[in-house]
Amino acid sequence: LPIGVLVSGSGSNLQAIIDSIDRGRLNADIKAVISNVPDAYALTRARNHSLPTFVIPHEKFQKREAFDEEVVHILNESGVELVVMAGFMRIITAVLLDAYPGRIVNIHPALLPSFRGMHAQRQAVDYGVKFSGCTVHIVDSGVDSGPIIIQAVVPVLESDTEETLSARILQEEHRIYPQAIQFFASERIHLKNRKVIISEGL
Ligand code: GRF
């Protein structure tokens, strides 16, 4: 499965995907790593693995749509079939959504629909929930609102800070994201009135 990975930051989810492919656990091929942040460490991880990298500084574009058009152009040129947002901190527009309907996924560090938006881990700590976790979902026109593919749960301890909870959730992110992408690679993902059905493996 040819994938494109959109990044903005450290790229630990990108690294987990790279490692899963190397270990033969994910039948995918990273055709492009695209960052809106020129010095994102995710680009270093990609280059260490000789992956094609592209930097599209969002400041260059007056409109979000123009930024997305550039992203779509690179994804098309690279033969990407699934777009993986991994720590990508941009809101995407219909330009990108319409180019890859039902083929854009994202990971959010909370159990959606709880704690949408930024600093989800901090929201969970502040709220005082006993469990939180992460969610891999199909991206739709809302923010953190598309059909859910996989979730993982972690305990929230009284001693937890945003940092300690984030670290615990990140471990689960690195486990479920490659798994979710593998479901696409093995064509086990089906949508039935906005709910994701994962069919039996071969
Ligand atoms: C992760 O918590 C992810 O859930 C969020 O961005 C954070 C950093 O991701 N979307 P990464 O290390 O850049 O993959």
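Cut-off values and rules
- Residues numbered from 1 in each chain as written.
- Predicted model: local features only at pLDDT ≥ 70, side-chain atom pairs only at ≥ 80, totals over all residues.
- Heavy atoms only, no water.
- Pairing = 2+ DSSP bridges.
- Helix = DSSP H or I, 4+ residues; strand = E, 2+ residues; numbered from the N terminus.
- Axes fitted to C-alpha atoms, helices over the stretch in contact; angles between N-to-C directions.
- Contact = heavy atoms within 4.5 Å.
- Expected span 1.5 Å × (residues − 1).
- Near = heavy atom within 4 Å.
- Polar contact = N/O pair within 3.5 Å; in protein donor to acceptor, adjacent residues only side chain to side chain.
- Areas by Shrake-Rupley, 256 points an atom, 1.4 Å probe, with all protein chains shown as cover.
- Nonpolar A, V, L, I, M, F, W, Y, C, P; charged D, E, K, R; others polar.

## Here we look at the sheet that holds strand E5 (residues 104-108)
As summarised here, the arrangement of the seven strands in space is E3-E2-E1-E4-E5-E6-E7, forming an open sheet in which the pairing is mixed. Only two strands of the sheet have a single neighbouring strand rather than two, namely strand E3 (53-55) and strand E7 (148-155). Each adjacent strand pair in this sheet contributes to an overall mean axis angle of 20 degrees, direction not counted. Packed on one face of the sheet, helix H2 (residues 41-48) meets strand E1 (2-7), strand E2 (29-35) and E3 and runs near 155 degrees to E3.

## Thoughts on helix H6 (residues 162-185)
Between the first and last C-alpha of H6 there are 33 Å, a value that for 24 residues agrees with the 34 Å anticipated at 1.5 Å per step. Positioned one or two residues after H6, glutamate 187 has a phi angle of 55 degrees, which is positive.

## Side note on the site of the ligand
Surveying the vicinity of the ligand reveals the residues Gly9, Ser10, Gly11, Ser12, Asn13, Ala86, Gly87, Ile107, Pro109, Gln121, Leu170 and Glu173. At 2.9 Å, a backbone N or O of glycine 11 approaches an oxygen atom of the ligand. Relative to its unbound accessible surface of 370 Å², the ligand loses 84% to contact with the protein. For the shell around the ligand, the secondary structure elements donating two or more residues are helix H1 (12-22) and H6. Split by residue class, the shell around the ligand holds four nonpolar, seven polar and one charged.

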